[in-house]
Amino acid sequence: MSAKPRIAVIGAGLMGHGITQVFALAGHEVTIHDTVMASLDSAKSRILANLKDLGDDVTAVERVQPCHDLDEAVREADYVVEAVPEDLAPKQKLFAEIEQKVRPDTILASNTSVIPITKIMAGLKDRSRALGTHWWNPPYLVPLVEVIGTEWTAQRAIDWTIALHKAAGKMPVHVKKDVPGFVGNRLQHALWREAISLVEHGICDAETVDTVIKTSFGRRLAVLGPLENADLVGTDLTLAIHKTVLPAIESRAGPSPYLEKLVADGRLGFKSGEGFRQWSAAEQTALRAKVLQHLKNARAQDS
Ligand SMILES: NC(=O)c1ccc[n+]([C@@H]2O[C@H](COP(=O)([O-])OP(=O)(O)OC[C@H]3O[C@@H](n4cnc5c(N)ncnc54)[C@H](O)[C@@H]3O)[C@@H](O)[C@H]2O)c1
């Protein structure tokens, strides 16, 4: 493999163009492919706008090569990462095509949010080089990348992928078992399940749930994880709390009927102007800007 591995990113949407940006900024030559021309053709201008906004080296965009042809995108690649929509069958089909076009030592990765990598890669002839890399949005501001191996993935593929992401300035972690949602989305959606349940059962309204989190343990979360916190207060106190609280909190296996009804009623959140709460266009813009600024401040603090 080359000293600076050549990267191919498949899917130029929200995640794909951001992942491309990170690798290009780290000095890699990156090909990017999308089946929708408008998405592919706008990828470089979206990356350039991000680089300018962040004060990063704008010449990085020159290392990005959009390819209308999948074959051209992956042929020379040392590493291919897929960021097409979250749907199992098209991802399986795509990897079957990619496997025929790449070199035997090219590492293949999926950026799926929650689908087990085992399912996506099951049909490949060589599954030892296939794994998951779960990035977070926006890829150029959120440090974490979960690297997920299956029972077939070679340790050297995992080690190589972790080193690749570390060298690109990311915070890769190794997820040892391929479970739905990996680590981050399991934790995140355990919290969302209880948040929705509190509203469903009239314990408080949606705004209160968010206020409680943002003004209490949310303040500490970026520097104090739950297990650090458990050690800090004592595992004995944590045990005592769990004996009282765990039997009372939400444990249903499927989605909340409250959430099902929101969706059935067309209350889809920002896209329909109402979800758990109502959202004017100005409120949506303000919240997006607030999150972006918060993440930029965190990146500035990190560096
Ligand atoms: N959005 C997030 O916050 C987030 C975070 C982590 C992981 N993910 C995961 O990343 C993946 C991509 O998500 P996204 O938000 O970027 O989606 P997106 O809809 O913004 O982008 C997907 C892109 O893939 C293209 N595409 C579809 N089929 C294709 C094909 N066969 N070949 C090439 N391109 C194709 C589409 O035209 C589109 O441009 C999903 O699996 C998603 O679950 C998303």
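Scroll up to find the structure this text is about.
Residues numbered from 1 in each chain as written. Predicted model: local features only at pLDDT ≥ 70, side-chain atom pairs only at ≥ 80, totals over all residues. Heavy atoms only, no water.

## Some words on the pattern of salt bridges
Reasoning step 1: In the structure shown here, the tally under the stated rule is 16 salt bridges.
Reasoning step 2: Among the salt bridges present, the one from Asp210 reaches Arg277, with a minimum N-O distance of 3.7 Å. Taken as a pair, Asp210 in helix α9 (residues 206-214) and Arg277 in the loop between α13 (257-264) and α14 (281-302) lie far apart in primary sequence, 67 residues in all.
Reasoning step 3: Here Arg252 makes a salt bridge to Glu250, at a shortest N to O gap of 3.7 Å.
Reasoning step 4: Arg252 gets classed as partly exposed once you look at its relative accessible area, which sits at 25%.
Reasoning step 5: A network of salt bridges, in which partner residues are shared, links Arg6, Glu76, Asp78, Arg103 and Asp105. (Salt bridge = Lys/Arg side-chain N within 4 Å of Asp/Glu carboxyl O. Helix = DSSP H or I, 4+ residues; strand = E, 2+ residues; numbered from the N terminus. Buried < 20%, exposed > 50% of the residue type's maximum accessible area, 1.4 Å probe, protein only.)

## So, the pairing of strand β2 (residues 30-33)
Reasoning step 1: Both faces of β2 are covered, namely the face carrying Val30 and Ile32 and the face carrying Thr31 and His33.
Reasoning step 2: Pairing of strand β1 (residues 7-10) with β2 involves four bridges; the strand directions are parallel. Residue Ile7 lies in a different strand from β2, and its bridge partner there is Val30.
Reasoning step 3: Crossover handedness for the path β1 to helix α1 (residues 14-25) to β2: right-handed.
Reasoning step 4: Pairing of β2 with strand β3 (residues 64-67) involves four bridges; the strand directions are parallel. Counted as the bridge partner of Val30 is Val64 from β3. (Pairing = 2+ DSSP bridges. Right-handed = clockwise from strand over helix to strand, strands pointing away.)

## Brief notes about the site of the ligand
Reasoning step 1: The local shell around the ligand holds 21 residues, among which Met15, Asp34, Glu86, Lys91 and Ser113 are the closest.
Reasoning step 2: For the ligand, an oxygen atom lies 3.0 Å from a polar atom in the side chain of Asn111.
Reasoning step 3: In the complex, 74% of the free accessible area of the ligand, which totals 830 Å², lies under the protein chains.
Reasoning step 4: Of all the elements in the fold, those that place two or more residues in the shell around the ligand are α1 and β6 (130-135). (Near = heavy atom within 4 Å. Polar contact = N/O pair within 3.5 Å; in protein donor to acceptor, adjacent residues only side chain to side chain. Areas by Shrake-Rupley, 256 points an atom, 1.4 Å probe, with all protein chains shown as cover.)

## Re the nonpolar core
Among soluble globular proteins, nonpolar side chains are generally buried collectively.
Reasoning step 1: Residues Ile7, Val9, Ile19, Phe23, Ile32, Tyr79 and Trp135 are the most contacted members of the largest nonpolar core, which totals 38 residues.
Reasoning step 2: If you tally residues by element for this core, the top one is α1, at five residues.
Reasoning step 3: Leave out the neighbours within four places in its chain, and Trp135 touches Met15, Ile19, Val22, Phe23, Asn111, Leu144, Val145, His165 and Lys170.
Reasoning step 4: If you look at the next biggest cluster of nonpolar residues, it comprises 22 residues, including Leu94, Val102, Leu108 and Ile117. (Core = buried A, V, L, I, M, F, W, Y, C linked by side-chain atoms within 4.5 Å. Contact = heavy atoms within 4.5 Å.)

## Quick word on the side chain of Thr150
Reasoning step 1: By the element assignment, Thr150 lies in the loop between β7 (144-148) and α7 (155-167).
Reasoning step 2: The exposure class of Thr150 is buried, given its relative accessible area of 9%.
Reasoning step 3: Contact partners of Thr150, with chain neighbours within four places excluded, come to Ile117, Thr118 and Asp178.

## Some remarks on the side chain of Ser256
Reasoning step 1: Looking at the element boundaries, Ser256 is found in the loop between α12 (235-245) and α13.
Reasoning step 2: Separated by 2.8 Å, the side chains of Ser256 and Glu200 make a polar contact.

## Regarding the packing of aromatic side chains
Reasoning step 1: Counting across every chain of the model gives five aromatic pairs.
Reasoning step 2: Geometrically, the ring pair formed by Phe23 and Trp135 is edge-to-face, given 5.7 Å between the ring centres and 70° between the ring planes. Of this pair, Phe23 sits in helix α1 while Trp135 sits in strand β6, and the two are 112 residues apart along the sequence. Like Phe23, the residue Trp135 is buried in the burial classification. (Phe/Tyr/Trp six-rings, centres within 6.5 Å; stacked < 30°, edge-to-face > 60°.)

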